[in-house]
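A structural walkthrough
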Amino acid sequence: MRKNRIAFLSVISGPVLWWSLVLLVPYLIMFTLSFYTRKFPSHIPDLHFGNYAILLADPQYVVVFIRTIKVAFFVSITSFLLSFPLAYFLARKVRSKRIQLMLYVATIIPLWVSYLLRAYTWKTILGSEGVLNSFLIWTGIIKAPVSFFLYNQVAMIITMSYIFMPFMMMPIYASLEKIPDNLINASKDLGASRLTSFLRITLPLSMPGILAGFTFTFCMASGDFISPVLVGGPYSNMIANVVTSQFGLAMNWPLGSAISVILLAIVIIVISISDRFENTGRVNLG
Amino acid sequence: MHKKPFDFWNNAVALAAFCAFVFLYLPIVTLILFSFNSNNVTKLPLTGWTLDWYAKALTNSDLLTALWNSIIVAIATVFICLVIGVPTAFALDRFQFPGKNLFRRLVLLPITLPGIITGVSILSFFSMVNIPLSLWTVIVGHGTAFTAIVVTSLFARLQRFDRRLEEASADAGAQPWQTFLYITLPNIRTALIGSGLICFTLSFDEIPVTFFLTGRDNTLPMYIWSVVRRGITPEINAIGTIIIITSIVIIFFSILMINDDSNPKK
Amino acid sequence: MKEILEVRNLNKVFAGDITAAEDVSFSIQEGEFVTLLGPSGCGKTTTLRMISGFEYPDSGQVILDNRDVTNLAPYKRPVNMMFQDFALWPHMTVTRNIAYGLTISRIDKDTIQSEVSKALDLVDLKAKANSFPQDLSIGQKQRIALARAIIKKPRILLLDEPMSALDAKLRESMQTELRELQKSLGMTFIMVTHDQTEAMRMSDRIIVMRDGQIIQAGSPTDLYESPATPYVAEFLGQANVIDAVVENVGPRHCTAIAGKSVFTLQDIDAIKTQGQPIKLCVRPEKIIILNTDHAPKDDENLVEGTLINTSYSGNSMRYEVDIGCKESLIIDQQLTAAISAITVPLDGAAISCCIPPQAISVFANT
């Protein structure tokens, strides 16, 4: 239909232009840049895999990659352990719809509240002069402040779990909330214990949400550079920190781009894997 | 009344949920508490009530400049998000076109990707075409990063929107623009306001993209970042409390708006 | 009477090769109440939407008052629609919903006000003028939708499944009400429904559709008494469709055999030769159960069988009788003072009944 086509073009042309200019072209440039050669103070066009070779060969970078994946993984696990009971409680145990909605909103509000300030607060809590230490001294549990709360990977994982927990919580809640009560009642009716019903009915049906939560949390955590600086201490550099330094002080944009491309690749791989899982194991609750 | 027997699992779940909830709010409460504490080190026990940190924060001219910059950036970001996000959501909801799936994935990528990638890629682009960094480049970056929020919430609303309401309007003799103005807009209004508000608060707090795209002007989070990297000062608690309380209020309303179900599709 | 609408050879195929309309043609006279009847997916709604302008046909024409409106946008057509589930705007009050069509035409406020108040009077809902649609009952919503649809005095009012949201009781009273309103306004109505009872009750003429095609068009009695195909017979009301074989071909009467029974037939247009397989259609209420009061006349077909099931619905009794054919014979009997549920035979009893030849429609096997 002609009329339809005109309407379509007038709606789509602006967005297409914008998205090409701010997303597609920049990604392509970043990709191209990763094959350039660095030449102080800038870089020159080239086509070589030297930047990628450095990243794979230099143990300094390999360690960072492994650390990033490890930390992001532990952050996802911790967030899951914290989020699932909360989501389960809200979705399946709170009977009043009003209270349920209020608690849910209260849970996801921190998701949108200043990311920087939330990371910063953990620094004030965990520091050797911080809230936790002074609390323990005040109550007499310890005599002198201990320094092992802050500036290590555990502190980083706690902080990042805190920051990204709502990303885990939201999809899990959504999937638990839409399971009809009768699916679980039918299982109990047929003689399954509550634990069995949970393991064989509730858990499998909430799998898409859990998977989405892991994907979100993992991707977000793997690109964080704030928490490592604030609470991570000396051996906490993650991929994103290396990117900031390559684009900053080190002035090596081609190397920085190569790292970003790898980060982008990791994230896209994780998303595709979870998409694949979700599509094969998709349970349609209508 | 028959008293229920003690139920171990139910209580365990409730306890775990309670702990998670405390975990979510303890840091926020800490931040607020210490913004009113007179000690200049954030440690217990509390030493006394004061508003000094607020006075200090609100007379710090660097901080106020940064605050003003952030407000400008956030308003401009909301504008971009709506101008681009609304037609994008309409295109995704109402038209079939080749490459639609790819288009959707591309558009939604910035909210799934760490902000740092958006920052780096746009930085590369600007430097290649020799655009100097300024608040404008920050605005473009934020627009790119957050438009997807408007797209997803408006798309969800449009999916629930009963197209027959528009047909009924055309049937009554309304031109397409009249239908949009009188029927469509009132029904998607809350989704637009809600997602716009969220874009505002996110832009106001944004660090990863801003980090790469800002020139000499600091936004508020960049200012705070430069301060907290060096050490802790209760002044940050004070300004943080203001930001957090404001955000909580704004976000509370935007969530209510986005989830507004007064006009569900029947 | 004057022709108001003519639909010529409409064709419409949707994406995925779904044929919604195939060579659909009909015309409608001014003041008629016409129903498009068929199961879901038969193309009736698509046809209605092509008349209202929400779909454009791949080929064919829609002629309204001798003007070709085929490709005219909906807001330029002088027809209005009452939507399925009503499509009342949730952000407007009842008054603003009804006034909308006039408001956007920039008609002066006083006229709008008086028209709206007339419309509210017509549907008897003055009290709800300032309510929002969400706060109305389904019946009230329907009246508001009706008022909104007729406020611009359309040349034709289109009704898309207007009763589907109502419960059975309300539906019946609304059917009468809507029909009376149509008569008093003298307005042309085209209704789409899948409910055959509703179509029969309300319409001057019914157009039966299936798979995008018109199968038969005619008055309710035409369709019921002389269905064009067994499909129409079964779709409109209950029908027994019996497979039979022609035995004797005569000039005015033929005979056919089904199971153990021989049938004399009067409706013989479809019969060509001896041995031809045919289908016989009989309405359950036209079969007479024989008892002491009623002996078969000579020309009535006698059928004998075994009662296999009975079901009771208060004012009538339904019997299922095995007569040695693939399908059992369904017979409806009105219960009267003489025949009550208590005197009904038990399952397994032998049953004799007769079917008058003029009650049998004959169809060639396709």
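Residues numbered from 1 in each chain as written. Chains lettered and ligands numbered in written order. Predicted model: local features only at pLDDT ≥ 70, side-chain atom pairs only at ≥ 80, totals over all residues. Heavy atoms only, no water.

1. Re the overall build of chain A
Counting secondary structure elements, chain A contains twelve helices and two strands. When the elements of chain A are put in sequence order from the N terminus, they spell out α-β-β-α-α-α-α-α-α-α-α-α-α-α. On C-alpha atoms alone, chain A measures out to a radius of gyration of 24 Å, which is more than a quarter above the 19 Å that the 2.2 N^0.38 rule sets for 286 residues. Dimensions of chain A along its principal axes, counting C-alpha atoms only, are 80 × 70 × 35 Å. (Helix = DSSP H or I, 4+ residues; strand = E, 2+ residues; numbered from the N terminus. Rg over C-alpha atoms; globule rule 2.2 N^0.38 Å.)

2. What to know about the overall build of chain C
Helix and strand counts for chain C come out as eight helices and 20 strands. Along the first, second and third principal axes, the C-alpha set of chain C runs to 75 × 50 × 40 Å. Among the 366 residues that make up chain C, the fraction classed as buried is 50%. Here the analysis covers contacts within chain C between residues at least 6 apart in sequence; of these, 65% occur between residues at least 24 apart. For chain C, the accessible surface area stands at approximately 17,000 Å², while carbon and sulfur atoms represent 49% of it. Averaging the coordinates of the 36 positive side-chain charges in chain C and doing the same for the 46 negative ones gives two points 9 Å apart. (Buried < 20%, exposed > 50% of the residue type's maximum accessible area, 1.4 Å probe, protein only. Contact = heavy atoms within 4.5 Å. Areas by Shrake-Rupley, 256 points an atom, 1.4 Å probe, with all protein chains shown as cover. Lys, Arg positive; Asp, Glu negative; His and termini not counted. Charge placed at Lys NZ, Arg CZ, Asp CG, Glu CD.)

3. Notes on the packing of helix H5 (residues 115-128) of chain B against helix H6 (residues 135-160) of chain B
Residues and elements named next belong to chain B. Axis separation between H5 and H6 bottoms out at 10 Å; the angle between their running directions is 135°. When the interaxial angle is binned, H5 and H6 end up oblique. H5 and H6 meet at a crossing whose hand is right-handed. Taken together, the residues of H6 that come into contact with H5 (itself represented by Thr118, Ile122 and Phe126) are Thr137, Val140, Gly141 and Thr144. Class assignment for the residues of the contact of H5 with H6 results in three nonpolar, four polar and no charged. (Axes fitted to C-alpha atoms, helices over the stretch in contact; angles between N-to-C directions. Parallel < 35°, antiparallel > 145°, perpendicular 65-115°, else oblique. Left-handed = near helix turned anticlockwise from the far one by under 90°. Nonpolar A, V, L, I, M, F, W, Y, C, P; charged D, E, K, R; others polar.)

4. Focus on the pairing of strand S16 (residues 301-312) of chain C
Residue and element names in this part refer to chain C. Examined bridge by bridge, S16 and strand S19 (residues 350-355) share six bridges and lie antiparallel to one another. For Glu304, the partnering residue across the bridge sits in S19 and is Ser352. As judged from the six bridges shared by S16 and strand S17 (residues 316-322), these two strands associate in the antiparallel manner. Its bridge partner being in S17, Asn309 is matched across the sheet by Glu320. Linkage of S16 to S17, two consecutive antiparallel strands, is achieved through a turn of three residues, within which Gly314 is found at a positive phi near 85°. (Pairing = 2+ DSSP bridges.)

5. Details of the interface of chain B and chain A
On the chain A side, the residues contacting the 79 residues of chain B number 75 residues. Summing both partners gives a buried area of about 7,300 Å² for chain B against chain A, and 83% of it is carried by carbon and sulfur. Inspection of the region where chain B meets chain A yields zero salt bridges. On inspection of chain B and its partner chain A, the count reaches six residue pairs in polar contact (both at pLDDT 80 or more). Class assignment of the residues belonging to the side of chain B that touches chain A gives a composition of 59 nonpolar, 15 polar and five charged. (Buried area = accessible area lost by both parts, 1.4 Å probe. Salt bridge = Lys/Arg side-chain N within 4 Å of Asp/Glu carboxyl O. Polar contact = N/O pair within 3.5 Å; in protein donor to acceptor, adjacent residues only side chain to side chain.)

6. Let's talk about the sheet that holds strand S15 (residues 288-289) of chain C
An order of S15-S19-S16-S17-S18 (chain C) is seen for the five strands of this open sheet, with the pairing classed as antiparallel. With partners counted over all chains shown, the strands left at the sheet margins are S15 and strand S18 (329-334) of chain C, one partner each.

7. Description of the packing of aromatic side chains
Here a ring pair, both rings aromatic, is described through the centre-centre distance and the interplanar angle of the planes. Residue and element names in this part refer to chain A. Within the structure shown, the criterion is met by 34 aromatic pairs over all chains. Seen from their ring centres, Phe84 and Phe198 are 6.1 Å apart, and the 80° between their planes marks the pair as edge-to-face. Here the residue Phe84 occupies a position in helix H3 (residues 59-93), and Phe198 occupies one in helix H9 (residues 194-222), the gap between them amounting to 114 residues. For the pair Phe84 and Phe198, one class covers both residues: buried. (Phe/Tyr/Trp six-rings, centres within 6.5 Å; stacked < 30°, edge-to-face > 60°.)

8. Let's talk about a nonpolar patch on the surface
A cluster of nonpolar residues, Leu101 of chain A together with Ile245, Val249, Phe252, Phe253 and Leu256 of chain B, forms a patch on the protein surface that exposes about 500 Å² of accessible area. With respect to the element layout, Leu101 of chain A can be found in helix H4 (residues 97-112). (Patch = residues over 30% accessible without salt bridge, like charges linked within 9 Å, V, L, I, M, F, W, Y side chains within 5 Å.)

9. Quick notes on the environment of Ala53 of chain A
All names here are of chain A. Checked against the element boundaries, Ala53 lands in helix H2 (residues 50-57). Note on Ala53: relative accessible area 41%, which makes it partly exposed. Distance in space between the C-alpha atoms of Ala53 and Leu21 is 30 Å, their sequence separation being 32 residues.

10. Describing unusual backbone geometry
Residue and element names in this part refer to chain C. Within the chain, Asp85 stands out as a residue other than glycine whose phi angle is a positive 55°. Within the element layout of this structure, Asp85 appears in the loop between strand S6 (79-82) and helix H2 (94-103). Residue class for Asp85 comes out partly exposed when judged on its relative accessible area of 38%. Even without glycine at this site, Asp124 takes up a positive phi of about 65°.

11. A short note on the confidence of the model for chain C
Confidence in the prediction of chain C, expressed as mean pLDDT, is 89, and 98% of residues score 70 or more. Scoring of the predicted complex yields 0.81 for pTM and 0.82 for ipTM. (pLDDT = per-residue confidence, 0-100.)

12. What about the sheet that holds strand S20 (residues 360-364) of chain C?
Residues and elements named next belong to chain C. Ordered in space as S13-S12-S11-S14-S20, the five strands form an open sheet in which the pairing is antiparallel. Each edge of the open sheet carries a strand with a single partner, namely strand S13 (261-265) and S20. Strand-to-strand twist of the sheet, defined as the mean angle between neighbouring strand axes without regard to direction, takes the value 40°. Pairing analysis gives five bridges linking strand S12 (residues 254-258) to S13, with the strands arranged antiparallel. Following the sheet pairing, Thr255 is matched in S13 by Thr264.

13. Observations regarding helix H5 (residues 168-185) of chain C
All names here are of chain C. With 18 residues, H5 extends 26 Å between its outermost C-alpha atoms, agreeing within 8% with the 26 Å of an ideal straight helix rising 1.5 Å per residue. Considering only its buried residues, H5 is in contact with strand S3 (33-37), helix H3 (109-122), helix H4 (138-150), strand S7 (156-160), strand S8 (188-193) and helix H6 (196-202). Looking at the residues trailing H5, positive phi occurs at Gly186, about 65°. (Expected span 1.5 Å × (residues − 1).)

14. Focus: the pattern of salt bridges
All names here are of chain C. Under the counting rule described, the total for this entry stands at 26 salt bridges over all chains. Ionic pairing is found between Arg49 and Glu55, a salt bridge with its closest N-O pair at 3.4 Å. For Asp195, the salt bridge identified is with Arg171, shortest N-O distance 3.6 Å. Placement of Asp195 in the loop between S8 and H6 and of Arg171 in helix H5 is noted, with a sequence separation of 24 residues between them.

15. A look at the side chain of Arg157 of chain B
All names here are of chain B. Within the fold, Arg157 resides in helix H6. Among the residues examined, Arg157 registers a relative accessible area of 6% and is labelled buried. A distance of 3.2 Å separates the side chain of Arg157 from the backbone oxygen of Asn187, its partner in a polar contact.

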